[in-house]
Every structure is written in structure tokens, then in C-alpha cells.
Amino acid sequence: MCTGIRFTDANGAMYFGRNLDWTQGYGERVVMTPPAARVPAAFERPGDPELGHAVIGMGIVVGGVPLYFDCGNDAGLAVAGLNFPQSARYASAPADGGVNVAAYEFPYWVARNFSSVDEVRSALARVTVVARAVNERLPVANLHWIIGDATGSVVVECLEGGLRVWEDDVDVLTNEPDFGWQRQNLRNYLTLSEGEPGRAAWGGAGLVPFGSGMGMHGMPGDYSGPSRFAKAAFVNTHYPVQDGERANVMRLFRTLGSVAVPDGCARMGDGAFERTLYTSCFSAASLTYYHAAYDDLAIKAYPLSGCDLAGTEPVLVEAAA
């Protein structure tokens, strides 16, 4: 389970973040990959530029390859992969005559090579996402992705019928079912309101609300993908627009906190409990990656400006003092 969101501030700068919900971590750290990094590619892609964007985000590095769970680049574009175990259908082999990208390298490929959602949208018309593992120890993860910039966001899904790009007008993504179903499901909640309901008369009885918040009565509170999607979409689209870095980072963490999963509430088939292992935020305004963990709620900052961008390989980044 996971939840991703995107929004813009009063000046139009994007903030993008996610909860990563799972039963265990993978030793993930904040990783920065410089523009000139020589990262091994799963397939030959002569169209990839010689020099890419600087990329920072959460992930692990395997054989010199940054496996990003979520990341942003120096152009203000960000991407996150979320669990999509039932519906994801990658190609079993690379296709001739197009661009082939392994599922594990998709977030980095997007963030390294593109500056905007428009560029990504155009490029995806020629892309095949292939079910190739990075090595024999790490199986292919079934994911879908949310990609955002200052103009908006899209959701990319590999479905039975092929790769699908959805326009995400609520700037939210969770898990199963597919985005089209999740978007339609919001119609079940169109009567919800941030306002206080008015008085009602039932015969001779006058009914008044208990207080503020009653307009949200009926909002689901469980931790399933559809319920988190509905709640995150409401909170994200109704949260007042903020001005300034601190207020917007707080907005993102508060919004994702509304759908964070506590331990002991979401048991998997193997008996282990999912929980929100971390929450992240990428600020396109300052090109800073923020992170807070389940057992350490202090928000730590990792500014791209503090990284050495002259290297040729991915590096682990320490939080700013």
C-alpha cells in the first residue's frame, strides 16, 4: 500500500510526495545521481541524452543502478512508484522499433531524461515497460507511477491492453484498482463537504449537527486503496493554498498523515502488518527532498544544492544540519 500526492503553492511551484506503506524496509536511503552518472541501462537506448538531469530521492543502489522508490530532478519533475500487484502487466520481452525500459529503472529513466510532464507524455507513446529484474535476488515489482510537475500530473499504468497514461486531475494515486476505477469511484463521495451541514426538520423534530466536520460524514476511514484514494483526494484538493516552503512542506506531511497506516491495522496474508515506513516530499521550489520515518517523525531536509553534482555515480546523501 502507498499514497502519492502533488499540488502547487501560491506561486505555482510544485510539491510532490508519498507515503511508502509496507511490512519491511530494504535499507533505503536518500540517493543523488549526478547528471554525468554512467548508470548501466537494461536495454540499448541511443535516444537517451549523454548528459541527464540531477536526480534525488529515496531508494537503493544495486550494481551501480539507482532503484528509486520516488525522486525528483533539477527541472522540478518528480515521479513515484506505487504497488499495483493485481493489475500490472509488463511486456515479457523488449519490443522492436521503440524505446524499452525495465520496470526497475522507470523512475530514474523519467527523472534523468525529461524536464516536464508534457515531455514524458510525448515520449511514452514509444515506450515498452519490460518485466526484467535488476538481478536474480530482486524480483520484478508490480507498480504503477504518478509523475508530476508545476502543470499537473499523470498516472502511468501497464495494463492487460498495454501502457495507459491517465490525466490525474485530483493529483493523487494509491494502489488497486486501476486509476480509471479510482477516479470514477470519487462520484460516490460527491456530497462530502468541508462545511457544516444545515439544520434539518424530520416532522416535528429539529436536527442540528454535532459540530464542525459533519460535512465529511461518510468519508471512508479504512486503509484500502479506494478509501485512501478518496480521502487523500478530498484533503489534497480542499487544503488551502499555502505560501512559503515551510507551510507547503507541512501541508504535504499533514495531507499524507491523514492516510498514514499505523502498525497493527493492515495485516498481510503472511501475518505481517503494513505500516507507513516513511513519508517524503520533493519541493520543486527549492529542489529539496524531505523525509520522515515511522519511528522518527522529525522531518529531515536533503537540498540538491548541497550535493556534489560533478560525480559519475549515484551517492548516498546525508541530511542537512
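What counts as what
Residues numbered from 1 in each chain as written. Predicted model: local features only at pLDDT ≥ 70, side-chain atom pairs only at ≥ 80, totals over all residues. Heavy atoms only, no water. Salt bridge = Lys/Arg side-chain N within 4 Å of Asp/Glu carboxyl O. Helix = DSSP H or I, 4+ residues; strand = E, 2+ residues; numbered from the N terminus. Core = buried A, V, L, I, M, F, W, Y, C linked by side-chain atoms within 4.5 Å. Buried < 20%, exposed > 50% of the residue type's maximum accessible area, 1.4 Å probe, protein only. Contact = heavy atoms within 4.5 Å.

Caption draft 1: Structural view of the pattern of salt bridges. Evaluation of the coordinates by the stated rule reveals 11 salt bridges. Put simply, arginine 183 and aspartate 169 hold a salt bridge, and the shortest N to O gap is 2.8 Å. Taken as a pair, arginine 183 in helix H3 (residues 179–185) and aspartate 169 in the loop between strand E11 (162–167) and strand E12 (172–173) lie far apart in primary sequence, 14 residues in all. Taken together, the shared-partner salt bridges in this structure form one network comprising Arg45, Asp48 and Glu105.

Caption draft 2: Broad picture of the nonpolar core. Residues Val30, Ile56, Val172, Leu252, Phe253, Cys281 and Tyr289 are the most contacted members of the largest nonpolar core, which totals 50 residues. At 5 residues, helix H4 (residues 225–238) tops the list of elements feeding residues into this core. Setting aside residues no more than four positions away along its own chain, cysteine 281 makes contact with Tyr15, Phe16, Gly17, Val249, Leu252, Phe253, Thr288, Tyr289 and Tyr290. Counting residues in each nonpolar core, the second largest holds 37 residues, with Val55, Tyr68, Tyr108 and Cys158 among its members.

Caption draft 3: Structural detail: helix H1 (residues 106–113). Here H1 lies mainly inside the structure; 8 of its 8 residues are buried. If you check which residues of H1 are buried, you get Phe106, Pro107, Tyr108, Trp109, Val110, Ala111, Arg112 and Asn113.

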